[in-house]
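Topology and contacts: notes
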Amino acid sequence: VGFIEAFKDNPLMMEAIADSMIDVLTLLQIRANERKQPITDPAVLRAIDDAFVEARRLRDASHAAQARGKRGSFYGLGEIFLRGEVLLLGALLSFGANFEVDAAPDMRVILGENVAPETLEELMSEQTLDLGPLQSIIGPQAYGVGTLTEDAWNRYRTVAIISLPLKRIIGYAQILQRKPTLAQDDRR
């Protein structure tokens, strides 16, 4: 499937794809039963079963990958709207399917050490990595961060969207590594 391959390196998108597939397959069966026309074709039932197994595998793999990374949720500063999820995993920073921001001139993605910057000056007062121009105001995207040392990986705690001409932070996400739950530990 082309769309699965396109997002194989973005665990946030893989989770969204897997959840959507599970929802659609479940709804197909429910609606067929409600119409008193249950799905009985063995080939279709087998395809549904195979798709369920693959979707669960994708979802579990995406959760495991997310647990190895640092994750956060965007929020906008001031009057500019910003929302979505972000994940730093290895050398890649990924935005989820729900990413959305109001358009502003020359927006850039910055990985920074400052935990809660209110101004561009505060953000830039500590170490930052400019990951380049924002690729899109909606939807999933990915940015290469290069290979980070363990110390650098631990120090970078904020993903900011900035506008250079406006000299302001549009918004940011604090990224944290989440500890595995007991249930996740038991599955290993």
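The structure this text deals with has already been given above.
Calculation rules
- Residues numbered from 1 in each chain as written.
- Predicted model: local features only at pLDDT ≥ 70, side-chain atom pairs only at ≥ 80, totals over all residues.
- Heavy atoms only, no water.
- Helix = DSSP H or I, 4+ residues; strand = E, 2+ residues; numbered from the N terminus.
- Core = buried A, V, L, I, M, F, W, Y, C linked by side-chain atoms within 4.5 Å.
- Buried < 20%, exposed > 50% of the residue type's maximum accessible area, 1.4 Å probe, protein only.
- Contact = heavy atoms within 4.5 Å.
- Lys, Arg positive; Asp, Glu negative; His and termini not counted.
- Salt bridge = Lys/Arg side-chain N within 4 Å of Asp/Glu carboxyl O.
- Phe/Tyr/Trp six-rings, centres within 6.5 Å; stacked < 30°, edge-to-face > 60°.
- Axes fitted to C-alpha atoms, helices over the stretch in contact; angles between N-to-C directions.
- Parallel < 35°, antiparallel > 145°, perpendicular 65-115°, else oblique.
- Left-handed = near helix turned anticlockwise from the far one by under 90°.
- Nonpolar A, V, L, I, M, F, W, Y, C, P; charged D, E, K, R; others polar.

**Description of the environment of Ile22**
Topologically, Ile22 is positioned in helix 2 (residues 11-34). For the pair Ile22 and Ile80, spaced 58 residues apart in sequence, the C-alpha separation works out to 34 Å.

**Looking at the nonpolar core**
Core analysis: the largest hydrophobic core is formed by 26 residues, its most contacted members being Phe74, Leu93, Phe95, Val109, Leu134, Val159 and Ile161. Elements that contribute at least two residues to this core include exactly strand 2 (82-89), strand 3 (92-95), strand 5 (107-112), helix 5 (150-155), strand 8 (158-163) and strand 9 (168-174). Setting aside residues no more than four positions away along its own chain, Leu93 makes contact with Val86, Leu87, Leu88, Val109, Leu131, Gln141, Ala142, Tyr143, Val145 and Val159. Grouped together as the second largest cluster of nonpolar side chains are 13 residues, Met13, Ile17, Leu25 and Leu58 included.

**Points about the side chain of Lys70**
Looking at where Lys70 falls in the secondary structure, it is placed in strand 1 (residues 70-76). Among buried Asp, Glu, Lys and Arg side chains, Lys70 stands out as unpaired, with Glu113 the closest opposite charge at 9.7 Å. The contacts of Lys70, once residues within four sequence positions are left out, are Val86, Leu87, Leu88, Trp153, Asn154, Tyr156, Arg157, Ile175, Leu176 and Gln177.

**Let's talk about the packing of aromatic side chains**
This structure, assessed with the given rule, holds five aromatic pairs. Geometrically, the ring pair formed by Phe74 and Phe99 is edge-to-face, given 5.5 Å between the ring centres and 65 degrees between the ring planes. Placement of Phe74 in strand 1 and of Phe99 in the loop between strand 3 and strand 4 (100-101) is noted, with a sequence separation of 25 residues between them. Phe99 carries the same exposure label as Phe74, and that label is buried. With centroids separated by 5.3 Å and ring planes inclined at 50 degrees, the aromatic side chains of Phe95 and Tyr143 adopt a geometry described as tilted. Residue Phe95 is found in strand 3, and its partner Tyr143 is found in strand 7 (residues 141-144); the two are separated by 48 residues along the sequence. Using a relative accessible area of 0% as the deciding quantity, one classes Phe95 as buried. The exposure class of Tyr143 is buried, given its relative accessible area of 2%. Members of the aromatic cluster, each reached through a chain of ring pairs, are Phe74, Phe95, Phe99 and Tyr143.

**A closer look at the packing of helix 2 against helix 3 (residues 42-68)**
Where helix 2 meets helix 3, the closest approach of the two axes is 8 Å, and the angle between their N-to-C directions is 150 degrees. Our classification of the angle between helix 2 and helix 3 gives roughly antiparallel. Remark: the crossing between helix 2 and helix 3 carries left-handed chirality. Counting all contacts with helix 2, which are made through Pro11, Leu12, Met14, Glu15, Ala18, Asp19, Met21, Ile22, Leu25, Thr26 and Gln29, the residues of helix 3 involved are Leu45, Ile48, Ala51, Phe52, Ala55, Arg56, Leu58, Arg59, Ser62, His63, Ala65 and Gln66. Broken down by class, the residue content of the contact of helix 2 with helix 3 amounts to 14 nonpolar, five polar and four charged.

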